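Chain and residue survey
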Amino acid sequence: MFIFDAHLDLSMNAMDWNRDLTWSIEEIRKSELGLTDKPGRGNNTVSLEAMRKGNIGLCMATQIARYVHKDNTLPGWKSSHQAWAHTQGQLAWYKSMEEAGEMVQITNKTQLDAHLALWKTDKEKKPIGYLLSLEGADSIVDISYLQKAYDSGLRAIGPAHYGPGTYAHGTNSIGGIGAKGRELLKEIERLGIILDVTHLCDLSFWETMVNYDGPLWASHNNCRALVNHHRQFTDEQLKEIIDRKGVIGVVLDAWMMSPTWERGVSTPQSANVSLQQIIDNIDHICQLAGNANHVGIGSDLDGGFGTEQGPADVDTIADLQKITRLLEYRGYTQPDIENIMNGNFINFLKRNLK
Ligand SMILES: [Zn+2]
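Reading the values: rules and limits
Residues numbered from 1 in each chain as written. Predicted model: local features only at pLDDT ≥ 70, side-chain atom pairs only at ≥ 80, totals over all residues. Heavy atoms only, no water. Helix = DSSP H or I, 4+ residues; strand = E, 2+ residues; numbered from the N terminus. Rg over C-alpha atoms; globule rule 2.2 N^0.38 Å. Buried < 20%, exposed > 50% of the residue type's maximum accessible area, 1.4 Å probe, protein only. Contact = heavy atoms within 4.5 Å. Areas by Shrake-Rupley, 256 points an atom, 1.4 Å probe, with all protein chains shown as cover. Lys, Arg positive; Asp, Glu negative; His and termini not counted. Charge placed at Lys NZ, Arg CZ, Asp CG, Glu CD. Donors = N, O, S within 2.8 Å, 3.2 Å for Na, K, Ca; no water. Axes fitted to C-alpha atoms, helices over the stretch in contact; angles between N-to-C directions. Left-handed = near helix turned anticlockwise from the far one by under 90°. Nonpolar A, V, L, I, M, F, W, Y, C, P; charged D, E, K, R; others polar. Pairing = 2+ DSSP bridges. Salt bridge = Lys/Arg side-chain N within 4 Å of Asp/Glu carboxyl O. Parallel < 35°, antiparallel > 145°, perpendicular 65-115°, else oblique. Arc of directions from axis to C-beta.

A separate point is the overall build of the protein chain. Looking only at helices and strands, one finds 12 helices and nine strands in the protein chain. The globule rule puts the C-alpha radius of gyration for 354 residues at 20 Å, and the 19 Å found for the protein chain is close to it. When its C-alpha atoms are laid out on the principal axes, the protein chain stretches across 45 × 45 × 45 Å. In the protein chain, which comprises 354 residues, the proportion classed as buried is 58%. Sequence-distant contacts, at least 24 apart, represent 70% of the contacts inside the protein chain between residues at least 6 apart. On the protein chain, roughly 14200 Å² of surface is accessible, and the fraction owed to carbon and sulfur atoms is 50%. Side chains of the protein chain carry 34 positive and 44 negative charges; the gap between the two charge centres is 3 Å.

What follows is the structure, given as structure tokens:
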């Protein structure tokens, strides 16, 4: 079955982790033997080849660069200009993947339809389609930069990531969106960019709901009812997204799947983390919605972790295909499974892309 992944950090892996994603998973793992500079070295699960193997032909692919103020201890760039430049390097990598025939950027409905049609053919080595998304808006130096980003293909944006940001407060911080956040939301609405509410802290989330009327989704978010941490959304927040015709992508990071996960201590085996918890999250959202039209997959499988912090039954991203079978066992119909694996996000794009 064709799969849409609503959240991958492909260029971060290429540019910050020095991974050549045209290699096989095994080749990348071998090249990282003995490296200790980052957690999860040698445990990678994502490459363009593995995506093709898993029929994951379309994704939201991020640019990501944090800007931190002088008094903030989070890792990040010292100025928004540096953060912007970093995202432009990441964009250059996507562009060179396009030139190599490995990827293709989608910015409008015509390109989307053409790409989906191409993936129905048996052409060999099909390019992975991607829509550009910005995770955390700190690299938007001032509001005029959002137009520049849109012109380079940006179609989704999350105002915050971790910590306090320029435009909103993200995970592990508490605060509102302020005047700059409201200005950003207005410009997102004017340009018709999709707002990604993932990572917004509760206060910023609800302030955003008051100040924004455009299309929104949560690209990679699980349910707080299942794992009680503020990174997950409450039922009330999930319902708000559903009411606004949004889609929630469930995420395969182990700590967001298991209430007992201890970072750096637990293993997928010891904590019994498997795709079953992903089905639980999908099912929870479907029960809230009363249908299967508001949930999809936002795997985040290359978001700074690998097999050491993912479901035990996922070795590579191609294993996302296992979700279809598990949904079947849980009683989901084929049309519902199709919607969850690709249709809900793709229909959202069809409604909202120009
Ligand atoms: Zn994230």
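Let us look at the coordination of the zinc ion. Taken together, the protein donors to the zinc ion comprise Glu135 (OE), His199 (NE2) and His220 (NE2), at separations of 2.0 to 2.3 Å. Between consecutive donors of the zinc ion, the numbers of intervening residues give the motif E-x63-H-x20-H. With a gap of 21 residues between them, His199 in the loop between strand E6 (194-196) and helix H8 (202-211) and His220 in the loop between strand E7 (216-217) and helix H9 (235-243) connect regions that are remote in the sequence.

What follows concerns the packing of helix H5 (residues 109-120) against helix H12 (residues 334-352). When two helices pack together, their arrangement is given by the angle between the helix axes and the distance between those axes. For the pair H5 and H12, the least separation of the axes is 9 Å and the interaxial angle reads 145°. The crossing of H5 and H12 is left-handed. Judged by residue contacts, Lys109, Leu112, Asp113 and Leu116 of H5 engage Ile346, Leu349 and Lys350 from H12. Grouping the amino acids of the contact of H5 with H12 by side-chain chemistry returns four nonpolar, no polar and three charged.

The next point concerns the pairing of strand E2 (residues 58-63). Of all six residues that make up E2, six are buried, and the element is covered over most of its length. Taking every second residue as pointing to the same face, both faces of E2 are buried, with Leu58, Met60 and Thr62 on one and Cys59, Ala61 and Gln63 on the other. Examined bridge by bridge, strand E1 (residues 4-8) and E2 share three bridges and lie parallel to one another. Bridge pairing in E2 places Phe4 opposite Leu58. In this structure, E2 lies alongside strand E4 (residues 128-135), joined through six bridges in parallel fashion. Note that in E4 the partner of Gln63 across the bridge is Leu134.

With that settled, consider the pattern of salt bridges. On inspection of all chains with the given rule, the structure shows 13 salt bridges. The partner of Asp315 in a salt bridge is Arg29, and the shortest N-O contact between them spans 3.2 Å. Of this pair, Asp315 sits in the loop between strand E9 (295-297) and helix H11 (322-329) while Arg29 sits in helix H2 (residues 25-31), and the two are 286 residues apart along the sequence. Among the residues examined, Asp315 registers a relative accessible area of 39% and is labelled partly exposed. Note that Glu102 and Lys125 form a salt bridge whose closest N and O atoms lie 2.9 Å from each other. Linking Glu102 in the loop between helix H4 (80-99) and strand E3 (103-105) with Lys125 in the loop between H5 and E4, this pair joins segments that are 23 residues apart in sequence. Glu102 sits in the buried class, given a relative accessible area of 7%. Here the salt bridges do not stand alone but share partners, grouping Arg19, Glu32, Asp37 and Arg41 into one network.

The topology assignment puts Thr171 in the loop between strand E5 (154-158) and helix H7 (178-191). For Thr171, a relative accessible area of 2% gives the class buried. Sequence separation between Thr171 and His230 is 59 residues; the distance between their C-alpha atoms is 7.3 Å. With sequence-adjacent residues up to four places away left out, Thr171 is seen in contact with His161, Tyr162, Gly163, His199, His229, His230 and Arg231.

On to the packing of H8 against H9. Running from N to C, H8 and H9 point in directions that differ by 30°, and their axes come no closer than 12 Å. One way to sum up the angle between H8 and H9 is to call them roughly parallel. Along this stretch, H8 crosses H9, giving a crossing that reads as left-handed. When H8 is examined against H9, the residues Asp202, Phe205, Trp206 and Met209 are found in contact with a partner set consisting of Glu236, Gln237, Glu240 and Ile241. Here the contact of H8 with H9 is built from residues that sort into four nonpolar, one polar and three charged.

Unlike most non-glycine residues, Asn55 shows phi in positive territory, near 60°. Summarising the element assignment, Asn55 is placed in the loop between helix H3 (48-53) and E2. Residue classification places Asn55 among the partly exposed positions, given a relative accessible area of 26%.

Next up on the list: H11. Those residues of H11 that sit buried are Ile323, Thr324, Leu326 and Leu327. Across the axial projection of H11, the buried residues extend over an arc of 165°, all falling on one side. Buried-residue contacts for H11 involve helix H10 (275-289), E9 and H12. A positive phi of about 100° marks Gly331, the residue just after H11.

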